[in-house]
Amino acid sequence: MELGIIGLGKMGANMAERLRRGGHTIVGYDRNPDISDVGSVEELVERLSPPRAVWVMVPAGGPTQDTVNRLGELLSPGDLVVDGGNSHYVDDQKHGEELAAKGIGFLDCGVSGGVWGLQNGYALMVGGDDDNVKRMMPIFETLKPEGEYGFVHSGKIGAGHYVKMVHNGIEYAMMQAFGEGYELIEASPLVTRVPETFLSWQEGTVIRSWLLDLLNRALKDDPELDDLRGYANDSGEGRWTVQAAVEHAVPLPAISASLFARFASRQDDSPAMRVVAALRNQFGGHAIESAKGADSPGADVNPPKV
Ligand SMILES: O=C(CO)[C@H](O)[C@H](O)COP(=O)(O)O
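Quantities reported herein were computed from a predicted structural model and do not represent experimental measurements. (Residues numbered from 1 in each chain as written. Predicted model: local features only at pLDDT ≥ 70, side-chain atom pairs only at ≥ 80, totals over all residues. Heavy atoms only, no water.)

Structural notes on the overall build of the chain
When you go through the chain residue by residue, the secondary structure sums to twelve helices and seven strands. Here the C-alpha atoms of the chain give a radius of gyration of 24 Å, more than 25% beyond the 19 Å that 2.2 N^0.38 yields for 306 residues. Projecting the C-alpha coordinates of the chain onto the three principal axes gives extents of approximately 80 × 40 × 40 Å. Expressed as a percentage of the 306 residues in the chain, the buried residues total 39%. Residue pairs at least 24 apart in sequence account for 63% of intrachain contacts in the chain once pairs closer than 6 positions are excluded. Of the roughly 17,500 Å² that the chain leaves accessible, carbon and sulfur atoms contribute 56%. Of the side chains in the chain, 27 bear a positive and 43 a negative charge, and the two mean positions are spaced by 0 Å. (Helix = DSSP H or I, 4+ residues; strand = E, 2+ residues; numbered from the N terminus. Rg over C-alpha atoms; globule rule 2.2 N^0.38 Å. Buried < 20%, exposed > 50% of the residue type's maximum accessible area, 1.4 Å probe, protein only. Contact = heavy atoms within 4.5 Å. Areas by Shrake-Rupley, 256 points an atom, 1.4 Å probe, with all protein chains shown as cover. Lys, Arg positive; Asp, Glu negative; His and termini not counted. Charge placed at Lys NZ, Arg CZ, Asp CG, Glu CD.)

Considerations on the pairing of strand β2 (residues 25-29)
Of all five residues in β2, four are buried; the element is thus mostly enclosed. Taken together, the five bridges between strand β1 (residues 2-6) and β2 define a ladder with parallel strand orientation. When the bridges of β2 are listed, Glu2 appears paired with Thr25. (Pairing = 2+ DSSP bridges.)

Quick word on the packing of aromatic side chains
The full count for this structure, using the stated rule, is seven aromatic pairs. Between Phe140 and Phe151, the aromatic rings sit 5.3 Å apart at their centres with planes inclined by 35°, giving tilted as the arrangement. Linking Phe140 in helix α6 (residues 130-143) with Phe151 in strand β7 (residues 151-155), this pair joins segments that are eleven residues apart in sequence. An aromatic cluster is present here, built from Trp55, Phe140 and Phe151 joined pairwise through their rings. A cation over a ring is seen here: Arg262 above Tyr172, with NZ or CZ 3.5 Å from the ring centre. (Phe/Tyr/Trp six-rings, centres within 6.5 Å; stacked < 30°, edge-to-face > 60°. Lys NZ or Arg CZ within 6 Å of the ring centre and 35° of its normal.)

Focus on the site of the ligand
Near the ligand the following residues occur: Asn86, Ser112, Lys164, His167, Asn168, Glu171, Tyr172, Asp234, Ser235 and Arg262. With respect to the ligand, the side chain of Glu171 contributes an N or O atom lying 2.7 Å from an oxygen atom. For the ligand, an oxygen atom lies 2.8 Å from a polar atom in the side chain of Arg262. Compared with its free state, where it exposes 370 Å², the ligand has 69% of that area covered by protein. The dominant element in the shell around the ligand, judged by the number of residues it contributes, is helix α7 (residues 159-187), at five residues. (Near = heavy atom within 4 Å. Polar contact = N/O pair within 3.5 Å; in protein donor to acceptor, adjacent residues only side chain to side chain.)

Written as structure tokens, this is what we have:
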């Protein structure tokens, strides 16, 4: 099948390559002329034969909106746009309506698999009409992992990105749990073989998983993770998951805590804990640590046991 792909970053370029290896004709556009097949989105559209299908693989928010706007101007009735980026599901409804007003179809597709997808395939979570999904099935079949699973038509427009968002929320909490377990094991003088312990868990345990395999891979390269700083960014999916939880009044303690742990990781000092320390000092005369590094006078009545 013929497909245009806009956005040839880490994900888009590998997906284009997997599709080419699967026998599809791919016309790729990227802002970086060194990796682009065409010089503009306009040229990409011209190179495709109607009815066209264009896969958008650019960052969520402004870049995706701009691309959808441009495709709305350039494509014709009967063409189809697939947003395969990590868009917020609430944007999909808007994009679907804007394109539908011009007779252009729209699907949203959550994609999981990261840089390993080229070789292992990508898990795909799709939202949109049955007819449009059917039309894109040759592409989905090539992108997905081999085997029975790895593809789902989750529901209406927005459903694909909604379930991908929840998938990422789960990903946050699982990673946080591995991180906390690692820290607790490291804290004990009893355990002298930390990487070996995690490695042993790869087989037979209840928590064996791909994330554990990846952690073991990281520990093999850097057994104490000394080359890293404990700083974790986020690109929005965890925040949207927590927002959706508030909207639906669904309790999400583990996922919320893992999102907030990332925020905490970016602080050199905690204003909130300065307040806690100040109040303990005010009501109980408990010791505080000076910002200049020296302890203030006043013994803590309940010093932490170490
Ligand atoms: O979708 C993904 C994995 O499934 C992306 O790697 C995403 O960037 C992960 O989210 P965050 O950047 O917020 O950790």
